[in-house]
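Here is what each chain is made of, one letter per residue.
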Amino acid sequence: MVTLTVNKHCNLNCSFCSNDNFDSVFDDPNSEPSLNELKRRLSIFCQEKKRDTLTITGGEPTFRKDLFDLLDYSNSFNFSKIFLLSNGCRFYYLDYCQHFTKYSNLEIEIPLHHFDSNIHNGLVRTPNSFKYALKGIQNLISIGVKVNLRLILFKQNYLDLVEYANFVNKNLQGINKVVFIYPRIEGSAKKNDDSLIVPYSKLIFNVHKSLEKLSEFNIDYEILHFPFCILNSKYWSKTLKSPYAMDNSICSKCNKKSICSGISIDYVDKFGLLELKKFE
Ligand code: SF4
């Protein structure tokens, strides 16, 4: 997997944004890399790493005027999939969306944090962002571009996950999948952790219920940043492996550690290890 960070600008101000490390990504934090520089970095990444998928992220990648040049260049590496992480607002404009139809391996990942616009807008601290993102997602689906809905789990939404599944079924027919994400406790999420972060044990019941509901609707899903010992085993095959360390006293003795996503150090700092069960 290759990840390319293409800019640092964003029109939202998410209370949980993890992108506090731009200075380490950009040589000059006051300017963005040129297209040639991004091409150069991509070529190097592709020499160094297994290159089955590419993730393009920012900031907000749709701010780049040369995004399509970058996508065209990326396709010369024959990635099986290219994921474009976006807040979705720019896709409010259908004529802009049309440019993406030519990339058959592209999946656009857009967060929608709640079906209540006030809660979504509050989490991203930007008025009207729900209206733009929802319309953007619907526009992309309507012209056949694959959209993965990112649902990051917070105090503000974890009680409403079954209703969220109902909302998706009613309003976003044709969505490619819903990705349930436990937040990284870093950047702004770390600064605001007391108002955002719920321990696994408190939200897992509602996650399971919501996954059941999506299955009933035949809507696909994936699960990111969930340890196996928290998650019902019937969902393990739907987890995405995350790069967490497992050198804690429980995971290091667990027989699932080679296939499990483990648990983040930030999580252990905040909540400890008590929720983890060791598999013998
Ligand atoms: S104890 Fe650690 S490795 Fe084992 S299932 Fe839980 S999180 Fe995964």
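Scroll up to find the structure.
Residues take numbers from 1 onward in each chain, read along the sequence in its written order. Two thresholds apply to this predicted model, a pLDDT of at least 70 for residue-level local features and 80 or more for giving and counting side-chain atom pairs, whereas whole-chain, interface and lining totals are computed over all residues.

1. Brief notes about the overall build of the chain
Counted only if it meets this: For the purposes of this entry, the term helix denotes a DSSP run of H or I that reaches at least four residues, the term strand denotes a run of E that reaches at least two, and both are numbered from the N terminus. Whether two residues are in contact is decided by their C-beta atoms, placed from the backbone, lying within 7 Å.
Scanning the chain for helices and strands turns up 11 helices and 8 strands. When contacts within the chain are restricted to residue pairs at least 6 apart in sequence, those whose partners lie at least 24 apart make up 77%.

2. A few points about the sheet that holds strand β4 (residues 106-111)
Note on sheets: strands pair through backbone hydrogen bonds, and any given pair is parallel or antiparallel. Condition: Two strands make a pair as long as DSSP finds a minimum of two bridges between them.
Ordered by their spatial adjacency, 8 strands build an open sheet running β1-β2-β3-β4-β5-β6-β7-β8, and the pairing between neighbours is parallel. Of all strands in the sheet, those bounded by a partner on one side alone are β1 (2-5) and β8 (239-240). Judged from the 2 bridges that link them, strand β7 (residues 221-224) and β8 form a sheet pairing that is parallel. Residue Leu224 lies in a different strand from β8, and its bridge partner there is Leu240.

3. Overview of the site of the ligand
The cut-off we apply is this: Here, nearness is defined through the C-beta atom: a residue counts as near a molecule or strand if that backbone-placed atom lies within 6 Å of it. Following the grouping adopted for this structure description, the nonpolar residues are Ala, Val, Leu, Ile, Met, Phe, Trp, Tyr, Cys and Pro, the charged ones are Asp, Glu, Lys and Arg, and the polar ones are all others, Gly among them.
Around the ligand, 15 residues are found, and the nearest of them are Pro227, Cys229, Cys251, Cys254 and Cys260. Of the residues contributing to the shell around the ligand, the split by class is 11 nonpolar, 1 polar and 3 charged.

4. Digging into the pairing of β7
Cut-off, in case you're wondering: Labels follow a simple rule on C-beta atoms placed from the backbone: if 20 or more others lie within 10 Å of a residue's own, it is buried; if 12 or fewer, it is exposed; otherwise it is partly exposed.
Burial along β7 is one-sided: Tyr221 and Ile223 are buried, while Glu222 and Leu224, pointing the other way, are not. Pairing between strand β6 (residues 177-181) and β7: 4 bridges, direction parallel. When the sheet's bridge partners are listed, Phe180 is paired in β7 with Ile223.

5. Focus on the environment of Ser264
Inspection of the secondary structure assignment puts Ser264 in the loop between β8 and α11 (265-271). It is 14 Å that separates the C-alpha atoms of Ser264 and Ile230, two residues lying 34 residues apart in sequence. If we ignore the near neighbours within four places in the chain, the residues touching Ser264 are Arg184, Ile185 and Tyr244.

6. Overview of the pairing of strand β2 (residues 53-57)
Note the cut-off: With strands facing away from the observer, any crossover in which the path from the first strand over the helix to the second runs clockwise is taken as right-handed.
Every second residue of β2 is oriented toward a common face, the buried set being Leu54 and Ile56 and the non-buried set Thr53, Thr55 and Thr57. Strand direction decides the pairing type here: β1 and β2, joined by 4 bridges, are parallel. In the strand pairing of β2, Val2 is matched with Leu54. Taken together, β2, helix α3 (residues 67-74) and strand β3 (residues 81-85) constitute a β-α-β crossover, and its handedness is right-handed.

7. Looking at the packing of helix α2 (residues 35-48) against α3
Note the following rule: The axes used here are C-alpha line fits, helices contributing only the stretch in contact, and every angle between their N-to-C directions lies in the interval 0 to 180 degrees. Orientation is classified from the angle alone, with under 35 degrees giving roughly parallel, over 145 giving roughly antiparallel, 65 to 115 giving roughly perpendicular, and any other angle giving oblique. Handedness of a crossing follows from how the near helix is turned relative to the far one, being left-handed for an anticlockwise turn of less than a right angle and right-handed for a clockwise one.
α3 packs onto α2 with a crossing angle of 25° between their chain directions and a minimal axis gap of 11 Å. Taken as axis vectors, α2 and α3 run roughly parallel relative to one another. The element α2 and its partner α3 pack so that their crossing is right-handed. Contacts between α2 and α3 pair Leu35, Leu38, Lys39 and Leu42 from the former with Asp69, Leu70, Tyr73 and Ser74 from the latter. Partitioning the contact of α2 with α3 into residue classes produces 5 nonpolar, 1 polar and 2 charged.

8. Focus on unusual backbone geometry
A cis geometry characterises the amide bond from Gly58 onward to Gly59, with omega recorded as 25°. Mapped onto the elements, Gly59 comes out in the loop between β2 and α3. You will see that Asn78, though not glycine, has its phi angle at about 55°, which is positive. Topologically, Asn78 is positioned in the loop between α3 and β3. Taking the C-beta count within 10 Å as the criterion, Asn78 has 10 such neighbours and is therefore assigned exposed.

9. Description of the environment of Gln173
Structurally, Gln173 can be placed in the loop between α7 (161-171) and β6. The exposed category is assigned to Gln173, around which 11 C-beta atoms lie within 10 Å. Sequence-wise, Gln173 and Ser142 are 31 residues apart; in three dimensions their C-alpha atoms are separated by 9.5 Å.

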